[in-house]
Amino acid sequence: MLSPTTLPEIQQALADADLDGWLLFDFRGVNPIAKELIGLEGKVTRRVFAWVPREGLPEGVSHAIEQSPWENWPGEWPKHVYSSWRALEETLRGLVGGKRVAMEYSPGDAVPYLDRVPAGVVELVRASGAEVVTSADLVTRFYAVWSSEDLASHKRAAEVVAAIAREALQYAGTQAGAGTPVAEHVLQRRILDSFAAQGLETDSPPIVAVGPHAADPHYEPSEANPREIRRGDILLIDLWAREPQGVYADQTWMASLGEPDAKALEVWAAIRDARDAAITFLRGRRADGQDVLGSEADDASRAVIAARGYGEFFTHRTGHSIDARDLHGSGPHLDNLETREERRLVQGVGFSIEPGIYIPGEIGMRTEVNAYIAEDGVVITPAEYQRDLIIV
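Residues numbered from 1 in each chain as written. Predicted model: local features only at pLDDT ≥ 70, side-chain atom pairs only at ≥ 80, totals over all residues. Heavy atoms only, no water.

J.: Please explain the sheet that holds strand 9 (residues 249-256) as it appears in this structure.
T.: Think of a sheet as strands paired side by side through backbone hydrogen bonds, with each pair either parallel or antiparallel. Pairing is mixed across the open sheet formed by four strands, whose spatial order is 7-8-9-16. The open sheet has two edge strands with one neighbour each: strand 7 (207-210) and strand 16 (390-391). Bridging between strand 7 and strand 8 (residues 234-241) involves four bridges; their strand directions are antiparallel. Counterpart to A209 in the pairing with strand 8 is L236. The strands touched by helix 6 (residues 148-177) within the sheet are strand 8, strand 9 and strand 16, with strand 9 carrying the most contacts at an inclination of about 20°. On the sheet, helix 7 (residues 184-197) packs against strand 7 and strand 8 and is oriented at approximately 30° with respect to strand 8. (Pairing = 2+ DSSP bridges. Helix = DSSP H or I, 4+ residues; strand = E, 2+ residues; numbered from the N terminus. Contact = heavy atoms within 4.5 Å. Axes fitted to C-alpha atoms, helices over the stretch in contact; angles between N-to-C directions.)

J.: Would you mind going over helix 6 with me for this structure?
T.: Given a rise of 1.5 Å per residue, 30 residues ought to cover 44 Å, and the 44 Å separating the end C-alpha atoms of helix 6 matches this to within 8%. Just beyond helix 6, the residue with positive phi is G179, at close to 80°. (Expected span 1.5 Å × (residues − 1).)

J.: Just to check I follow, could you spell out unusual backbone geometry for this structure?
T.: Both trends apply: most residues other than glycine have a negative phi, and most peptide bonds are in trans. The amide bond that connects T381 to the next residue, P382, takes the cis arrangement and shows omega of 0°. One can find P382 in the loop between strand 15 (377-381) and strand 16. The backbone of D18 sits at a positive phi, close to 55°, despite the residue not being glycine. Note on placement: D18 falls in the loop between helix 1 (7-16) and strand 1 (21-26). Residue class for D18 comes out exposed when judged on its relative accessible area of 52%. The backbone of Q245 shows a phi angle near 70°, a positive value even though the residue is not glycine. Within the element layout of this structure, Q245 appears in the loop between strand 8 and strand 9. Judged by relative accessible area, which is 74%, Q245 ranks as exposed. (Buried < 20%, exposed > 50% of the residue type's maximum accessible area, 1.4 Å probe, protein only.)

J.: Could you clarify how one ought to interpret the packing of helix 6 against helix 7 in this entry?
T.: Between two packed helices, the angle of one axis relative to the other and the distance separating the axes together describe the packing. Axis separation between helix 6 and helix 7 bottoms out at 10 Å; the angle between their running directions is 145°. As for the relative orientation of helix 6 and helix 7, their crossing is right-handed in sense. Facing helix 6, whose interface residues are V161, I164, E167, A168, Y171 and A172, helix 7 presents L187, R190, I191, S194 and F195. Looking at the contact of helix 6 with helix 7 residue by residue, the classes come out as eight nonpolar, one polar and two charged. (Left-handed = near helix turned anticlockwise from the far one by under 90°. Nonpolar A, V, L, I, M, F, W, Y, C, P; charged D, E, K, R; others polar.)

J.: I would appreciate a short explanation of the pairing of strand 14 (residues 369-374) in the present structure.
T.: The side chains of a regular strand alternate, residue by residue, between the two faces of the sheet. With six of six residues buried, strand 14 lies mostly within the body of the structure. Burial along strand 14 is two-sided: V369, A371 and I373 facing one way and N370, Y372 and A374 facing the other are all buried. Pairing between strand 11 (residues 350-353) and strand 14: four bridges, direction antiparallel. Bridging from a neighbouring strand, G350 pairs with Y372 of strand 14. Here strand 14 pairs with strand 15 via five bridges, running antiparallel. Along strand 15, the bridge assignment pairs N370 with T381.

J.: What is the right way to read the sheet that holds strand 6 (residues 131-134) from this model?
T.: Taken in spatial order, the six strands line up as 4-3-2-1-5-6 in an open sheet, and their pairing is mixed. Two strands close off the open sheet at either side, each with one partner strand: strand 4 (79-82) and strand 6. Each adjacent strand pair in this sheet contributes to an overall mean axis angle of 25°, direction not counted. Sheet analysis places strand 1 next to strand 5 (residues 100-103), joined by two bridges and oriented parallel. Note on strand 5: the bridge partner recorded for G21 is V101. Its contacts with the sheet place helix 4 (residues 119-127) against strand 1, strand 2 (48-53), strand 5 and strand 6, and it is angled at close to 135° to strand 6.

J.: Would you mind going over the environment of L235 with me for this structure?
T.: Positionally, L235 belongs in strand 8. Judged by relative accessible area, L235 falls into the buried class, the value being 0%. Measuring from C-alpha to C-alpha, the distance between L235 and L257 comes to 7.5 Å, with 22 residues separating the pair along the chain. Residues contacting L235, with those up to four places away along its chain left out, are L169, A172, L187, V208, A209, V210, I229, W253, M254, A255 and L257.

Here it is as structure tokens:
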């Protein structure tokens, strides 16, 4: 959150980027980044702004009927109160007129997770005499990075999630071998019960998919249309959870119920090697002290799958941001397919690495670990991640 403690670092970043300031905007939760940084709490139904200048004190802009949500705003920082649109526009002209201003705006909607300010608001700010540029690097540094407590929480969750995944795979194999196969949705419920027993929470149920179902990356098991997990199946489990107020761990594990065929082994090797290519690339660039873009890591992973002849079946980005608030966060992604990700993977950010191959009607496989950019390298979680296709 924006505070007297964090202000000097933000202002230094503004100076380094040759920006006059950062203009935060929110309206009814359209920009959760701004709401979090301003520290707004409670009901907010009118437009709010906060101007963070390169020099001097931040200034808030609030509607007359909504003052209580600003209780966290430091008392020494000015706050403008408006009722009419005329007063609001006049205030904005006074704050940003003639200035180079960063906002949660992504030119051409290149990165939708960052493109939080409506086009009309950007027009309004430009009409006030400001030049609007993206706040991409600011969001990465001051919203998406993890604290040391975040990292510790994530690591703990990652080990528990991995243990639950391995147990679920083994349970499915045991049940199938005993002639009492478990259905996808039943195994999904078992995983959710395991999360609860371990004190973890999740925002939605895990994906449990066998055979052709796994070729749908966002498949949802259904009690109405149950599918048993039987001998000869390839089983995918994608699961994510966190400690309360912690950072998510997000993993995907693959197993074969019985000996896999040559095609399954070939697809598994392709996604595993693509995952490891991204890890190797990231670690190499960090070791050399070089900046690395999320798009470059995506390219490194995707090249492996393309070389194996499966490029057309890798239909999503290699990884998504995981920030301290969201599983699919607002920091840089490993993506040069779905979006034009040009942000740097700076120290303190976390993200998934999850290449997949999805052949409709036939087979789907994904392998997923999480990564954190540390001062001295790249941390991968869980500590022992999947190297070979598990046979149960």
